[in-house]
Each structure stands twice: as C-alpha cells, then as structure tokens.
Amino acid sequence: VMHQGAHEMILEMVAWRDPNVVAIKAFYGDDLKVNFCGKLATDPHPQVRLEFLRTVGDWLLHLRERLDHESRLMPYVVSALTDERPQIQEEALS
C-alpha cells in the first residue's frame, strides 16, 4: 500500500506533528498521539523487530517519497544496530 501513494500514513505511524500548528483539542484536553513505529521497534519479540526493520528498509529503498521520510525512519534503523539480537544488528547493517 505504501508504494501506491499512502506514504502520508508514515506521519501518523511516527506520531509526527507540525511544529507550527496547535490542535484545538490540545486546549480542551489530552491530545495524545501514539508512536506505532516506536512500539514496533521496541517490541519484546525479536521477530516483530526484525520484520519492522525489513519494512522500514524497504520503504527507505523503494518509496518514491523516501527522501521526505528519511529523517523520520532512519532513527529506527540506527537503533537496530544496538539490538540485543545479532541477526537484527546484521540486518540493520545490510
């Protein structure tokens, strides 16, 4: 789906907010966003972290808009370099 133009969903998955826009909801209550990519990158199951890393790698290599999202996605690849599993560390390097 991402390769077909749904790349804006990455903004929601990383809980990105435009620093120049304040949501009206923030004035009246909680305005929480969930960083789903952060949750997947720190999942307790190594297979989930590995597949997430492969997906992010695919996005960084094949999305037409990859340069727009590189700064949002690269931290997940870099953090995988320090994963407790050697297989995940090797995948982050490749």
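So, here is what we can say about the structure in this document. Just so you know, these numbers come straight off a predicted model, no measurement behind them. Once a new chain begins, its residue numbering starts again from 1 and follows that chain's sequence as written. Only residues with pLDDT of at least 70 are given local features in this predicted model, and only at 80 or more are side-chain atom pairs given and counted; all residues enter the totals for whole chains, interfaces and linings. The side-chain quantities take in all heavy atoms of the structure and omit both hydrogens and water.

Things to note about the layout of surface pockets
Inclusion rule: A pocket here means an open set of points on a 1 Å grid, computed over the protein atoms alone, that has protein on both sides within 12 Å along at least five of seven lines. A cavity is instead a set of points where a 1.4 Å probe fits but cannot get out; residues with an atom within 4 Å of a point line either one. Grid points are joined across faces, edges and corners, and a volume is the space filled by probe spheres set on the points. The secondary structure listing takes helices from DSSP runs of H or I that are at least 4 residues long and strands from runs of E that are at least 2 residues long, numbered from the N terminus. Each residue gets one of three labels, nonpolar for Ala, Val, Leu, Ile, Met, Phe, Trp, Tyr, Cys and Pro, charged for Asp, Glu, Lys and Arg, and polar for the others, Gly among them.
Here the largest pocket is characterised by a volume of approximately 180 Å³. What lines the largest pocket is simply Leu-53, Arg-54, Gly-57, Leu-60, Leu-61, Met-74, Val-77, Glu-91, Ala-92 and Ser-94. Contributions of two or more residues to the lining of the largest pocket are made by α4 (46-62), α5 (66-80) and α6 (86-93). Split into classes, the residues belonging to the lining of the largest pocket amount to six nonpolar, two polar and two charged.

Some details on the packing of α4 against α6
Operational definition: Inter-axis angles, ranging from 0 to 180 degrees, are taken between N-to-C directions of lines fitted to C-alpha atoms, where helices are fitted over the stretch in contact. Roughly parallel means an angle under 35 degrees; roughly antiparallel, over 145; roughly perpendicular, 65 to 115; everything else is oblique. Any two residues whose heavy atoms approach within 4.5 Å at even a single point are treated as in contact.
Following both chains from N to C, one finds α4 and α6 inclined at 5°, their axes separated by 10 Å at the closest point. Taken together, the axis directions place α4 and α6 in an arrangement best described as roughly parallel. Contacts from Pro-46, Arg-49, Leu-50, Leu-53 and Arg-54 in α4 reach Gln-87, Ile-88, Glu-91 and Ala-92 in α6. Residue classes in the contact of α4 with α6 are distributed as five nonpolar, one polar and three charged.

Brief notes about α4
In plain terms, the rule: Each residue after the first adds 1.5 Å to the expected span of a helix. Partly exposed describes any residue whose relative accessible area lies between the buried limit of under 20% and the exposed limit of over 50%, with all areas from a 1.4 Å probe on protein chains only and scaled to the type maximum.
Between its first and last C-alpha, α4 extends 24 Å over 17 residues, near the 24 Å set by a 1.5 Å rise per residue. Among all positions of α4, only Arg-49, Leu-50, Phe-52, Leu-53, Val-56, Trp-59 and Leu-60 are buried. Elements in contact with the buried residues of α4: α1 (9-13), α3 (36-41), α5 and α6.

A short note on the environment of Arg-85
Among the structural elements, Arg-85 can be located in the loop between α5 and α6. In sequence terms Arg-85 and His-62 are 23 residues apart; their C-alpha atoms lie 26 Å from each other.

Limitation: the analysis is restricted to geometry and does not speak to function.
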